[in-house]
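# Architecture at a glance
Below, each chain spelled out in residue letters.
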Amino acid sequence: MSGQHHPEPESYAAIRTKAIESLLIEKGLFTGDAIDAKVQAFENDIGPMNGAKVVARAWLDSGYRKRLLTNGREAISEMGFADTQGAELVVLENSPAVHHVVVCTLCSCYPWSVLGLPPTWYKSHAYRSRVVIEPRKVLKEFGLELDDSVEVRVWDSNSDIRYMVLPERPDGTEGMPEEKLVELVSRDCMLGVAKAKTPTQVG
Ligand code: FE
């Protein structure tokens, strides 16, 4: 399976899902819009919640953080989020000196067990081709300006290894409970195209 990016491009499950979806629309039980809304929820809210919980836990529990950075897949399944396809999950820790960014240059391999479905931009040719060549410029377009002293490392995912970023814990979060910390963790900061939000940004 090595080197293949999509181990099952048209899996039975995918085809079956499509068939059910068109049947539901045809029968008038569902609209395409309603389905799009659900998919968006998986992209933005429901999916990345798993990753956000992992991050908040790592910020609070240094033992867990260590396990997460040593063996991401095991530490993530500890929280009940398992990758049934068995891909390795490597967690990259951002620091004031090093900033990690995740891409799949060939297609759209994504740490779906923690982040849900990939957003459209992640799958776009522009992101996939440009982030490896001019990461700082691409990050700036996402609204993230990094100091020249920060080293930027870009990680290319594949079917065997997926990556997720452990963002820096924002200032002003001392003593904050886990469920509040979770709210600061966006999907984008776990891909490295943003930082975790500050308590003021969340409001
Ligand atoms: Fe891929």
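Residues numbered from 1 in each chain as written. Predicted model: local features only at pLDDT ≥ 70, side-chain atom pairs only at ≥ 80, totals over all residues. Heavy atoms only, no water.

To continue, consider the overall build of the protein chain. The helix and strand inventory of the protein chain stands at 11 helices and 4 strands. Here the C-alpha atoms of the protein chain give a radius of gyration of 18 Å, agreeing with the 17 Å that 2.2 N^0.38 yields for 203 residues. A principal-axis box enclosing the C-alpha atoms of the protein chain has dimensions of 55 × 35 × 30 Å. Out of the 203 residues in the protein chain, the part that is buried amounts to 40%. For the protein chain, restricting intrachain contacts to residue pairs at least 6 apart in sequence, the fraction spanning at least 24 positions comes to 67%. (Helix = DSSP H or I, 4+ residues; strand = E, 2+ residues; numbered from the N terminus. Rg over C-alpha atoms; globule rule 2.2 N^0.38 Å. Buried < 20%, exposed > 50% of the residue type's maximum accessible area, 1.4 Å probe, protein only. Contact = heavy atoms within 4.5 Å.)

Attention now moves to a nonpolar patch on the surface. A cluster of nonpolar side chains, contributed by Val39, Phe42, Ile46 and Leu117, occupies part of the molecular surface with about 320 Å² of accessible area. Along the chain, Val39 falls in helix α2 (residues 32-60). For Val39, a relative accessible area of 33% gives the class partly exposed. (Patch = residues over 30% accessible without salt bridge, like charges linked within 9 Å, V, L, I, M, F, W, Y side chains within 5 Å. Areas by Shrake-Rupley, 256 points an atom, 1.4 Å probe, with all protein chains shown as cover. Salt bridge = Lys/Arg side-chain N within 4 Å of Asp/Glu carboxyl O.)

This part is about the environment of Arg136. Its place among the elements puts Arg136 in helix α8 (residues 135-141). The exposure class of Arg136 is partly exposed, given its relative accessible area of 33%. Placed 42 residues apart in sequence, Arg136 and Glu178 show a C-alpha to C-alpha distance of 31 Å. Every residue in contact with Arg136, bar those within four places of it in the chain, is listed here: Leu146, Asp147, Asp148, Val150, Glu151 and Val152. At a separation of 3.2 Å, a polar atom in the side chain of Arg136 contacts the main-chain carbonyl oxygen of Asp147. (Polar contact = N/O pair within 3.5 Å; in protein donor to acceptor, adjacent residues only side chain to side chain.)

Distances and angles like these do not, on their own, reveal function.
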